[in-house]
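Chain by chain, the residues run as shown.
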Amino acid sequence: MTTRRPPPIGVMERKARLAALRADMEKHKTDAVVLGATSSLRYFTGVAWRPSERFVGAIVSRERVDYIAPRFELDKVSSLVAIPGEILTWQEEESPYALIAGHVGANATLGLDDQMALFTYRGLRGEFADENLTDAGAMINRLRRCKSPAEIALMQHAKNITLEVQRRAHAQLYPGQMASEVMQLIDAEHRALSGGPSTFCIVSFGEDTSLPHGGEGDRALREGDVVLIDTGCAVGGYNSDITRTYVFGEASEEVRAVWTAEKEAQAAAFDAAQLGRACSSVDDAARASLVANGFGPDYDLPGLPHRTGHGIGLDIHEAPNLVRGDATPLDIGMCFSNEPMIVVPGRFGVRLEDHFFMTASGPRWFTEPSPSLDAPFDDAEFFDVDEAVFSSH
(Lines give C-alpha, C1' and ligand atoms only; values in the text may rest on other atoms or scores of the structure.)
Protein backbone atom coordinates (compact mmCIF):
# COMPACT_ATOMS: atom_id res chain seq x y z
CA MET A 1 0.00 0.00 0.00
CA THR A 2 1.24 3.48 -0.82
CA THR A 3 2.05 5.22 2.45
CA ARG A 4 3.17 8.63 1.20
CA ARG A 5 0.65 11.21 2.36
CA PRO A 6 -0.15 13.79 -0.33
CA PRO A 7 0.40 17.47 0.43
CA PRO A 8 -2.55 19.53 1.68
CA ILE A 9 -4.43 21.91 -0.58
CA GLY A 10 -2.22 24.94 -1.12
CA VAL A 11 -2.94 28.66 -0.90
CA MET A 12 -2.61 29.14 -4.66
CA GLU A 13 -5.33 26.57 -5.32
CA ARG A 14 -7.64 28.23 -2.79
CA LYS A 15 -7.02 31.62 -4.42
CA ALA A 16 -7.94 30.12 -7.79
CA ARG A 17 -11.18 28.79 -6.28
CA LEU A 18 -12.01 32.24 -4.93
CA ALA A 19 -11.27 33.83 -8.30
CA ALA A 20 -13.68 31.41 -9.97
CA LEU A 21 -16.34 32.15 -7.35
CA ARG A 22 -15.91 35.87 -7.86
CA ALA A 23 -16.33 35.45 -11.61
CA ASP A 24 -19.67 33.75 -10.94
CA MET A 25 -20.61 36.46 -8.45
CA GLU A 26 -20.00 39.08 -11.16
CA LYS A 27 -22.11 37.09 -13.62
CA HIS A 28 -24.99 36.75 -11.15
CA LYS A 29 -24.72 40.31 -9.81
CA THR A 30 -23.93 39.12 -6.28
CA ASP A 31 -22.03 41.61 -4.09
CA ALA A 32 -20.82 39.08 -1.51
CA VAL A 33 -21.13 35.42 -0.54
CA VAL A 34 -21.49 34.44 3.11
CA LEU A 35 -19.97 31.08 4.04
CA GLY A 36 -20.99 29.40 7.29
CA ALA A 37 -19.05 26.84 9.29
CA THR A 38 -19.46 24.30 6.49
CA SER A 39 -17.22 22.31 4.18
CA SER A 40 -17.47 25.19 1.70
CA LEU A 41 -15.73 27.46 4.22
CA ARG A 42 -12.87 24.96 4.25
CA TYR A 43 -12.96 24.60 0.47
CA PHE A 44 -12.45 28.30 -0.22
CA THR A 45 -10.48 29.51 2.81
CA GLY A 46 -8.91 26.48 4.49
CA VAL A 47 -10.71 27.21 7.77
CA ALA A 48 -12.22 24.00 9.18
CA TRP A 49 -14.70 24.76 11.95
CA ARG A 50 -17.31 22.64 13.70
CA PRO A 51 -20.69 24.42 13.42
CA SER A 52 -22.55 25.53 16.54
CA GLU A 53 -25.08 28.16 17.55
CA ARG A 54 -22.28 30.76 17.48
CA PHE A 55 -21.70 31.95 13.92
CA VAL A 56 -18.21 31.49 12.48
CA GLY A 57 -17.73 32.06 8.78
CA ALA A 58 -16.42 34.24 6.00
CA ILE A 59 -17.60 36.98 3.68
CA VAL A 60 -16.28 36.67 0.14
CA SER A 61 -16.61 40.03 -1.64
CA ARG A 62 -15.46 41.04 -5.10
CA GLU A 63 -12.09 42.19 -3.73
CA ARG A 64 -11.32 40.32 -0.49
CA VAL A 65 -12.19 37.72 2.11
CA ASP A 66 -13.10 38.72 5.65
CA TYR A 67 -13.98 36.48 8.57
CA ILE A 68 -16.67 36.58 11.28
CA ALA A 69 -16.05 35.00 14.69
CA PRO A 70 -16.95 35.37 18.38
CA ARG A 71 -14.42 37.63 20.08
CA PHE A 72 -13.25 34.87 22.44
CA GLU A 73 -12.41 32.66 19.42
CA LEU A 74 -10.25 35.32 17.72
CA ASP A 75 -6.89 33.73 18.49
CA LYS A 76 -7.99 30.28 17.39
CA VAL A 77 -9.59 31.48 14.16
CA SER A 78 -6.49 33.59 13.44
CA SER A 79 -4.34 30.46 13.64
CA LEU A 80 -6.49 28.72 10.97
CA VAL A 81 -6.68 31.46 8.37
CA ALA A 82 -4.77 30.65 5.17
CA ILE A 83 -6.20 33.40 2.96
CA PRO A 84 -5.47 36.77 4.65
CA GLY A 85 -8.40 38.97 5.63
CA GLU A 86 -9.80 41.02 8.48
CA ILE A 87 -11.40 39.03 11.31
CA LEU A 88 -14.54 40.82 12.45
CA THR A 89 -15.61 39.81 15.95
CA TRP A 90 -18.80 39.98 18.00
CA GLN A 91 -19.37 39.69 21.74
CA GLU A 92 -21.81 37.22 23.26
CA GLU A 93 -24.65 39.73 23.59
CA GLU A 94 -24.17 41.04 20.03
CA SER A 95 -25.54 39.83 16.70
CA PRO A 96 -23.12 38.42 14.10
CA TYR A 97 -25.79 39.08 11.48
CA ALA A 98 -25.87 42.78 12.29
CA LEU A 99 -22.07 42.70 12.05
CA ILE A 100 -22.32 41.22 8.54
CA ALA A 101 -24.90 43.81 7.49
CA GLY A 102 -22.75 46.62 8.82
CA HIS A 103 -19.75 45.30 6.93
CA VAL A 104 -21.31 44.76 3.49
CA GLY A 105 -24.22 47.22 3.74
CA ALA A 106 -27.86 46.30 4.22
CA ASN A 107 -28.58 46.98 0.52
CA ALA A 108 -25.97 44.51 -0.72
CA THR A 109 -27.04 41.42 -2.61
CA LEU A 110 -25.86 38.50 -0.51
CA GLY A 111 -25.37 34.93 -1.75
CA LEU A 112 -25.77 32.38 1.02
CA ASP A 113 -23.89 29.13 1.57
CA ASP A 114 -26.51 26.46 0.91
CA GLN A 115 -25.23 24.34 3.82
CA MET A 116 -25.67 26.97 6.51
CA ALA A 117 -28.18 26.39 9.29
CA LEU A 118 -31.77 27.64 9.12
CA PHE A 119 -31.29 29.80 12.21
CA THR A 120 -28.42 31.57 10.43
CA TYR A 121 -30.65 32.30 7.46
CA ARG A 122 -33.36 33.60 9.78
CA GLY A 123 -30.81 35.81 11.54
CA LEU A 124 -29.74 37.31 8.20
CA ARG A 125 -33.39 37.85 7.22
CA GLY A 126 -33.62 40.13 10.22
CA GLU A 127 -30.96 42.38 8.69
CA PHE A 128 -31.55 42.08 4.93
CA ALA A 129 -34.67 42.27 2.76
CA ASP A 130 -35.66 38.96 1.19
CA GLU A 131 -34.84 40.24 -2.30
CA ASN A 132 -31.25 40.86 -1.16
CA LEU A 133 -30.69 37.25 -0.06
CA THR A 134 -29.99 34.65 -2.75
CA ASP A 135 -28.97 31.00 -2.81
CA ALA A 136 -25.28 30.66 -3.67
CA GLY A 137 -25.53 26.86 -3.72
CA ALA A 138 -25.51 26.55 -7.50
CA MET A 139 -22.36 28.67 -7.80
CA ILE A 140 -20.58 26.82 -5.00
CA ASN A 141 -21.59 23.34 -6.15
CA ARG A 142 -20.57 23.99 -9.74
CA LEU A 143 -17.05 24.80 -8.56
CA ARG A 144 -16.76 22.01 -6.01
CA ARG A 145 -17.99 19.10 -8.10
CA CYS A 146 -14.94 18.89 -10.41
CA LYS A 147 -11.94 17.97 -8.28
CA SER A 148 -8.36 19.00 -8.93
CA PRO A 149 -5.45 16.52 -9.02
CA ALA A 150 -4.54 17.64 -5.48
CA GLU A 151 -8.03 16.81 -4.21
CA ILE A 152 -8.06 13.45 -6.02
CA ALA A 153 -4.68 12.56 -4.52
CA LEU A 154 -5.99 13.17 -0.98
CA MET A 155 -9.05 11.01 -1.67
CA GLN A 156 -6.90 8.31 -3.23
CA HIS A 157 -4.81 8.15 -0.07
CA ALA A 158 -7.90 8.00 2.14
CA LYS A 159 -9.41 5.21 0.04
CA ASN A 160 -6.17 3.23 0.02
CA ILE A 161 -6.21 3.36 3.80
CA THR A 162 -9.84 2.32 4.14
CA LEU A 163 -9.42 -0.62 1.77
CA GLU A 164 -6.48 -1.82 3.87
CA VAL A 165 -8.61 -1.40 7.02
CA GLN A 166 -11.34 -3.47 5.35
CA ARG A 167 -8.80 -6.20 4.64
CA ARG A 168 -7.65 -6.23 8.24
CA ALA A 169 -11.21 -6.40 9.54
CA HIS A 170 -11.96 -9.35 7.26
CA ALA A 171 -8.82 -11.21 8.36
CA GLN A 172 -9.63 -11.13 12.10
CA LEU A 173 -13.33 -12.12 12.16
CA TYR A 174 -14.24 -14.96 14.52
CA PRO A 175 -17.45 -16.70 15.67
CA GLY A 176 -19.32 -14.84 18.40
CA GLN A 177 -17.60 -11.54 17.67
CA MET A 178 -19.93 -8.58 18.19
CA ALA A 179 -20.50 -6.03 15.43
CA SER A 180 -19.47 -3.30 17.89
CA GLU A 181 -16.11 -5.03 18.43
CA VAL A 182 -15.43 -4.94 14.69
CA MET A 183 -16.35 -1.24 14.62
CA GLN A 184 -13.86 -0.56 17.42
CA LEU A 185 -11.13 -2.42 15.56
CA ILE A 186 -11.87 -0.49 12.35
CA ASP A 187 -11.69 2.81 14.20
CA ALA A 188 -8.35 1.86 15.75
CA GLU A 189 -6.93 0.83 12.38
CA HIS A 190 -8.11 4.04 10.73
CA ARG A 191 -6.45 6.05 13.50
CA ALA A 192 -3.22 4.11 13.09
CA LEU A 193 -3.07 4.53 9.30
CA SER A 194 -4.68 7.94 8.69
CA GLY A 195 -4.11 9.75 11.99
CA GLY A 196 -7.84 10.20 12.47
CA PRO A 197 -10.93 8.18 13.39
CA SER A 198 -13.46 6.46 11.18
CA THR A 199 -15.76 9.15 9.84
CA PHE A 200 -18.53 6.53 10.00
CA CYS A 201 -18.79 2.75 10.26
CA ILE A 202 -21.55 0.24 9.52
CA VAL A 203 -20.93 -3.40 10.46
CA SER A 204 -23.85 -5.73 9.73
CA PHE A 205 -24.21 -9.50 10.10
CA GLY A 206 -26.91 -11.84 8.82
CA GLU A 207 -30.33 -10.36 8.15
CA ASP A 208 -29.15 -6.93 9.31
CA THR A 209 -27.35 -6.69 5.95
CA SER A 210 -30.77 -6.31 4.29
CA LEU A 211 -31.01 -2.86 5.92
CA PRO A 212 -28.89 -0.48 3.78
CA HIS A 213 -27.63 1.43 6.83
CA GLY A 214 -27.59 -1.51 9.24
CA GLY A 215 -29.69 -2.59 12.19
CA GLU A 216 -30.01 -0.89 15.55
CA GLY A 217 -28.87 -3.83 17.68
CA ASP A 218 -25.44 -5.34 18.30
CA ARG A 219 -25.43 -8.74 16.61
CA ALA A 220 -22.95 -11.58 17.21
CA LEU A 221 -21.27 -13.16 14.17
CA ARG A 222 -22.35 -16.69 13.29
CA GLU A 223 -21.08 -19.25 10.82
CA GLY A 224 -22.70 -18.69 7.42
CA ASP A 225 -23.60 -15.04 8.07
CA VAL A 226 -23.45 -12.52 5.28
CA VAL A 227 -21.11 -9.72 6.44
CA LEU A 228 -21.46 -6.14 5.20
CA ILE A 229 -18.92 -3.49 6.29
CA ASP A 230 -19.20 0.11 5.08
CA THR A 231 -16.70 2.61 6.46
CA GLY A 232 -14.42 5.53 5.68
CA CYS A 233 -11.91 8.07 6.93
CA ALA A 234 -10.74 11.54 5.92
CA VAL A 235 -7.31 12.78 4.81
CA GLY A 236 -6.88 16.54 4.62
CA GLY A 237 -10.66 16.76 4.91
CA TYR A 238 -11.27 14.53 1.86
CA ASN A 239 -13.25 11.34 2.33
CA SER A 240 -13.21 7.64 1.62
CA ASP A 241 -16.29 5.40 1.71
CA ILE A 242 -15.88 1.72 0.82
CA THR A 243 -18.22 -1.24 1.30
CA ARG A 244 -17.40 -4.92 1.14
CA THR A 245 -19.83 -7.84 1.42
CA TYR A 246 -18.83 -11.46 1.85
CA VAL A 247 -19.80 -14.55 3.87
CA PHE A 248 -18.28 -15.77 7.11
CA GLY A 249 -17.99 -19.43 6.21
CA GLU A 250 -19.67 -21.13 3.27
CA ALA A 251 -22.01 -19.10 1.04
CA SER A 252 -25.31 -20.48 -0.22
CA GLU A 253 -26.03 -20.65 -3.93
CA GLU A 254 -28.59 -17.86 -3.52
CA VAL A 255 -26.07 -15.52 -1.91
CA ARG A 256 -23.56 -16.38 -4.63
CA ALA A 257 -26.06 -15.52 -7.35
CA VAL A 258 -26.97 -12.21 -5.73
CA TRP A 259 -23.30 -11.31 -5.15
CA THR A 260 -22.53 -12.01 -8.82
CA ALA A 261 -25.47 -9.88 -9.96
CA GLU A 262 -24.27 -7.05 -7.71
CA LYS A 263 -20.77 -7.19 -9.20
CA GLU A 264 -22.21 -7.12 -12.72
CA ALA A 265 -24.38 -4.10 -11.90
CA GLN A 266 -21.38 -2.26 -10.45
CA ALA A 267 -19.40 -3.00 -13.62
CA ALA A 268 -22.29 -1.87 -15.84
CA ALA A 269 -22.48 1.43 -13.96
CA PHE A 270 -18.74 2.00 -14.35
CA ASP A 271 -18.82 1.25 -18.08
CA ALA A 272 -21.73 3.67 -18.56
CA ALA A 273 -19.89 6.59 -16.93
CA GLN A 274 -18.71 8.44 -20.03
CA LEU A 275 -17.89 12.12 -20.41
CA GLY A 276 -20.85 14.25 -21.43
CA ARG A 277 -23.49 11.71 -20.50
CA ALA A 278 -26.02 12.55 -17.81
CA CYS A 279 -25.33 11.29 -14.29
CA SER A 280 -28.71 9.55 -14.47
CA SER A 281 -27.47 7.31 -17.31
CA VAL A 282 -25.15 5.51 -14.86
CA ASP A 283 -28.08 4.69 -12.60
CA ASP A 284 -30.05 3.54 -15.66
CA ALA A 285 -27.27 1.14 -16.63
CA ALA A 286 -27.03 -0.40 -13.16
CA ARG A 287 -30.80 -0.95 -13.01
CA ALA A 288 -30.87 -2.47 -16.50
CA SER A 289 -28.21 -4.97 -15.42
CA LEU A 290 -30.22 -5.86 -12.31
CA VAL A 291 -33.44 -6.32 -14.29
CA ALA A 292 -31.59 -8.66 -16.66
CA ASN A 293 -30.70 -10.76 -13.62
CA GLY A 294 -34.26 -10.84 -12.28
CA PHE A 295 -34.21 -7.91 -9.80
CA GLY A 296 -36.39 -4.82 -9.60
CA PRO A 297 -37.55 -3.16 -11.76
CA ASP A 298 -37.07 0.39 -10.58
CA TYR A 299 -36.92 0.48 -6.75
CA ASP A 300 -38.87 -2.77 -6.30
CA LEU A 301 -37.40 -5.42 -4.01
CA PRO A 302 -35.58 -7.73 -4.24
CA GLY A 303 -33.49 -5.12 -5.99
CA LEU A 304 -31.88 -1.73 -5.61
CA PRO A 305 -33.78 0.56 -3.16
CA HIS A 306 -31.63 3.69 -3.53
CA ARG A 307 -29.47 5.62 -6.01
CA THR A 308 -26.50 3.94 -7.66
CA GLY A 309 -23.99 6.46 -6.33
CA HIS A 310 -23.24 9.83 -4.81
CA GLY A 311 -20.63 12.50 -5.31
CA ILE A 312 -17.83 12.67 -2.75
CA GLY A 313 -15.14 15.11 -1.67
CA LEU A 314 -15.00 17.26 1.46
CA ASP A 315 -18.47 15.86 2.19
CA ILE A 316 -19.08 12.12 2.14
CA HIS A 317 -22.25 12.77 0.15
CA GLU A 318 -22.26 15.74 -2.22
CA ALA A 319 -23.80 16.69 -5.55
CA PRO A 320 -24.13 15.57 -8.25
CA ASN A 321 -25.50 12.06 -7.77
CA LEU A 322 -25.82 8.97 -9.93
CA VAL A 323 -29.59 8.88 -9.71
CA ARG A 324 -32.61 9.07 -11.95
CA GLY A 325 -33.42 12.68 -12.76
CA ASP A 326 -29.91 14.10 -12.31
CA ALA A 327 -29.12 15.50 -15.75
CA THR A 328 -25.69 16.89 -14.79
CA PRO A 329 -23.23 15.95 -17.58
CA LEU A 330 -20.31 13.85 -16.42
CA ASP A 331 -17.14 15.95 -16.48
CA ILE A 332 -13.43 15.58 -15.80
CA GLY A 333 -12.67 15.56 -12.08
CA MET A 334 -16.09 14.45 -10.87
CA CYS A 335 -15.88 11.72 -8.21
CA PHE A 336 -18.58 9.18 -7.36
CA SER A 337 -19.40 6.14 -5.31
CA ASN A 338 -20.59 3.11 -7.31
CA GLU A 339 -22.85 0.99 -5.06
CA PRO A 340 -25.98 -0.48 -6.68
CA MET A 341 -26.94 -2.53 -3.61
CA ILE A 342 -29.21 -5.55 -3.90
CA VAL A 343 -31.61 -6.02 -0.97
CA VAL A 344 -33.47 -9.29 -0.36
CA PRO A 345 -35.94 -8.05 2.29
CA GLY A 346 -35.70 -9.64 5.73
CA ARG A 347 -32.92 -12.00 4.67
CA PHE A 348 -29.72 -10.36 3.45
CA GLY A 349 -28.27 -7.62 1.28
CA VAL A 350 -25.16 -7.28 -0.86
CA ARG A 351 -23.44 -3.95 -1.43
CA LEU A 352 -20.11 -3.58 -3.20
CA GLU A 353 -18.98 0.03 -3.06
CA ASP A 354 -15.94 1.46 -4.74
CA HIS A 355 -15.39 4.94 -6.11
CA PHE A 356 -14.25 6.30 -9.44
CA PHE A 357 -13.26 9.66 -10.86
CA MET A 358 -13.75 10.99 -14.35
CA THR A 359 -10.66 11.54 -16.51
CA ALA A 360 -10.12 12.75 -20.07
CA SER A 361 -10.36 9.12 -21.21
CA GLY A 362 -13.33 8.10 -19.07
CA PRO A 363 -13.84 6.67 -15.56
CA ARG A 364 -10.96 5.44 -13.41
CA TRP A 365 -11.29 3.43 -10.22
CA PHE A 366 -9.86 4.76 -6.98
CA THR A 367 -9.94 1.18 -5.65
CA GLU A 368 -10.43 -1.93 -7.75
CA PRO A 369 -13.71 -3.78 -7.15
CA SER A 370 -13.80 -6.88 -4.96
CA PRO A 371 -12.39 -9.83 -6.99
CA SER A 372 -14.79 -12.55 -5.82
CA LEU A 373 -17.10 -13.61 -3.02
CA ASP A 374 -14.58 -16.16 -1.74
CA ALA A 375 -11.55 -13.87 -2.11
CA PRO A 376 -12.95 -10.37 -1.52
CA PHE A 377 -9.49 -8.76 -1.36
CA ASP A 378 -6.41 -9.07 -3.54
CA ASP A 379 -2.79 -8.05 -3.07
CA ALA A 380 -2.59 -5.57 -5.96
CA GLU A 381 -0.54 -2.44 -5.41
CA PHE A 382 -2.44 0.81 -5.07
CA PHE A 383 -1.63 3.57 -7.52
CA ASP A 384 -0.90 7.26 -7.06
CA VAL A 385 -2.79 9.86 -9.03
CA ASP A 386 -1.06 10.93 -12.23
CA GLU A 387 -1.86 14.47 -13.34
CA ALA A 388 -1.53 13.25 -16.94
CA VAL A 389 -5.00 11.70 -16.72
CA PHE A 390 -6.46 15.22 -16.63
CA SER A 391 -6.80 17.74 -19.41
CA SER A 392 -7.96 21.32 -19.31
CA HIS A 393 -11.67 22.07 -19.71
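Residues numbered from 1 in each chain as written. Predicted model: local features only at pLDDT ≥ 70, side-chain atom pairs only at ≥ 80, totals over all residues. Heavy atoms only, no water.

Caption draft 1: Spotlight on the confidence of the model for the protein chain. With 95% of its residues at a pLDDT of 70 or more, the protein chain shows a mean pLDDT of 95. Under a pLDDT of 50 for its full length, residues 381-393 has, in the predicted model, 36 contacts with residues more than four places off or in other chains. (pLDDT = per-residue confidence, 0-100. Contact = heavy atoms within 4.5 Å.)

Caption draft 2: Molecular detail of the pairing of strand S17 (residues 354-359). Counting buried positions over the six residues of S17 gives six, a clear majority of the element. With burial as the criterion, each face of S17 is covered, one bearing Asp-354, Phe-356 and Met-358 and the other bearing His-355, Phe-357 and Thr-359. Alignment of strand S14 (residues 335-338) against S17, held across four bridges, turns out to be antiparallel. Counterpart to Asn-338 in the pairing with S17 is Asp-354. Between the antiparallel neighbours S17 and strand S18 (residues 362-365) lie two residues. (Buried < 20%, exposed > 50% of the residue type's maximum accessible area, 1.4 Å probe, protein only. Helix = DSSP H or I, 4+ residues; strand = E, 2+ residues; numbered from the N terminus. Pairing = 2+ DSSP bridges.)

Caption draft 3: Representation of the packing of helix H1 (residues 11-27) against helix H6 (residues 137-144) within the structure. Where H1 meets H6, the axes come as close as 10 Å, and the angle between the chain directions of the two elements is 140 degrees. Along this stretch, H1 crosses H6, giving a crossing that reads as right-handed. Between H1 and H6, the residues in contact are Arg-17, Ala-20, Leu-21, Asp-24 and Met-25 and Met-139, Arg-142 and Leu-143, respectively. Residue composition of the contact of H1 with H6, grouped by class: five nonpolar, no polar and three charged. (Axes fitted to C-alpha atoms, helices over the stretch in contact; angles between N-to-C directions. Left-handed = near helix turned anticlockwise from the far one by under 90°. Nonpolar A, V, L, I, M, F, W, Y, C, P; charged D, E, K, R; others polar.)

Caption draft 4: Fine view of the packing of aromatic side chains. The full count for this structure, using the stated rule, is eight aromatic pairs. Between Phe-336 and Phe-356, the aromatic rings sit 5.7 Å apart at their centres with planes inclined by 40 degrees, giving tilted as the arrangement. A residue pair is termed long-range when its members are at least 10 positions apart, and Phe-336 in strand S14 and Phe-356 in strand S17 qualify at 20 residues. Like Phe-356, Phe-336 is buried. (Phe/Tyr/Trp six-rings, centres within 6.5 Å; stacked < 30°, edge-to-face > 60°.)

Caption draft 5: Quick look at the pattern of salt bridges. Scanning the entire structure with this criterion turns up 27 salt bridges. Residues Arg-144 and Asp-315 are paired through a salt bridge, measuring 3.2 Å at the closest nitrogen-oxygen approach. Here Asp-315 lies in the loop between strand S12 (309-311) and strand S13 (318-322) and Arg-144 lies in helix H6, a separation of 171 residues in the sequence. Taken as a pair, Arg-144 and Asp-315 share a single burial class, namely buried. Between Asp-298 and Arg-324 there is a salt bridge; the shortest N-O distance is 3.0 Å. A residue pair is termed long-range when its members are at least 10 positions apart, and Asp-298 in the loop between helix H10 (279-292) and S12 and Arg-324 in the loop between S13 and S14 qualify at 26 residues. By relative accessible area, Arg-324 is classed as partly exposed at 41%. Through salt bridges with shared partners, one network takes in Glu-164, Arg-167, Arg-168, Glu-189 and Asp-378. (Salt bridge = Lys/Arg side-chain N within 4 Å of Asp/Glu carboxyl O.)

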